[in-house]
Amino acid sequence: MSDVGVLSAHLLTSFQKELFTRLAEAGHEHLRPRHGAIMAYISADGSRASELSERSGQHKQVVGTLIDELERLGYVTRQPDPADRRAKLVVPTDLGRDQMVQAKRIIEDIEAGFARQVGAERFAAFKEVFAEITARR
């Protein structure tokens, strides 16, 4: 059996391939797995770039570049943060919110497939243990 790193990489690769293929079929053909560092962590009401960096584990410069790309693609806008006018919020556009809804639906479907494959209880236990192991400290 392969080690956890190899198994995790295989799971991530196949998960992303299915997710982004199905997102493309749903009208989001310009998104790439790297954009998940923003779209998977952004709040529907908007998030600061520093929060997205912290949540995703990506360097602030990488997050800034991804936000620029997503802004050009029409998925997010930068707006003043009402709580602090000096700060900016990255806010999903209608297109971004549609992607978020579609991704949630697709992910639920992918996970349901995993549950059918190994059994609902085993998959729930796997997900719980995986979350515990990967929790940031």
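The numbering scheme is per chain: residues are counted from 1 as the chain's sequence reads. This being a predicted model, a pLDDT of at least 70 is required before a residue's local features are given, and a value of 80 or more before pairs of side-chain atoms are given or counted; all residues contribute to the totals for chains, interfaces and linings. In computing side-chain properties, one takes all heavy atoms of the structure into account and sets aside hydrogens as well as water.

A. Structural view of the pattern of salt bridges. Throughout this description, the term salt bridge denotes a Lys or Arg side-chain nitrogen within 4 Å of a carboxyl oxygen of Asp or Glu. For the structure on display, the rule yields 12 salt bridges. Among the salt bridges present, the one from R34 reaches E69, with a minimum N-O distance of 3.0 Å. Placement of R34 in the loop between α1 (4–25) and α2 (36–39) and of E69 in helix α4 (residues 60–73) is noted, with a sequence separation of 35 residues between them. Accessible area is worked out with a 1.4 Å probe on protein chains only. A residue is then buried under 20% of its type maximum, exposed over 50%, and partly exposed in between. The class of R34 is partly exposed, set by a relative accessible area of 47%. With a relative accessible area of 17%, E69 lands in the buried category. The residue R97 makes a salt bridge to D94 at a minimum N-O spacing of 2.5 Å. Taken together, the residues R97 and D94, both in helix α5 (residues 94–118) and 3 residues apart, mark about one turn of the helix. Residue D94 is classed as exposed on the basis of its relative accessible area, which comes to 61%. Three or more residues joined by partner-sharing salt bridges are found here, namely R48, D81, D84 and R86. Helix numbers and strand numbers start at the N terminus; a helix is a DSSP run of H or I with at least 4 residues, a strand a run of E with at least 2.

B. How the structure looks around the side chain of H28. Structurally, H28 is set in the loop between α1 and α2. Residues adjacent in sequence count toward polar contacts only when both atoms are side-chain atoms; beyond that, a polar contact is any pair of N or O atoms within 3.5 Å, and within protein one must be able to donate a hydrogen and the other to accept it. For H28, the side chain forms a polar contact with the side chain of D98, separated by 2.7 Å. If sequence neighbours within four positions are ignored, H28 has contacts with L23, Y75, L95, D98, Q99 and Q102. Only heavy atoms enter the contact rule, under which two residues are in contact if any of them lie within 4.5 Å.

C. Highlighting α4. Here, expected helix span is obtained from the residue count minus one, scaled by 1.5 Å. Between its terminal C-alpha atoms α4 stretches 20 Å, which fits the 20 Å expected from 14 residues at 1.5 Å a residue. Every buried residue of α4 is accounted for by V63, L66, I67, E69 and L70. The buried residues of α4 all sit within an arc of 160° when viewed along its axis, so they share a single face. Along α4, the residues that are exposed and aim more than 90 degrees away from the buried face are Q61 and R72. Buried-residue contacts for α4 involve α2, α3 (49–56), β1 (76–81) and β2 (84–92). Once α4 ends, the next one or two residues include G74, with phi positive near 90°. Note that the arc is computed from the directions linking the helix axis to the C-beta atoms.

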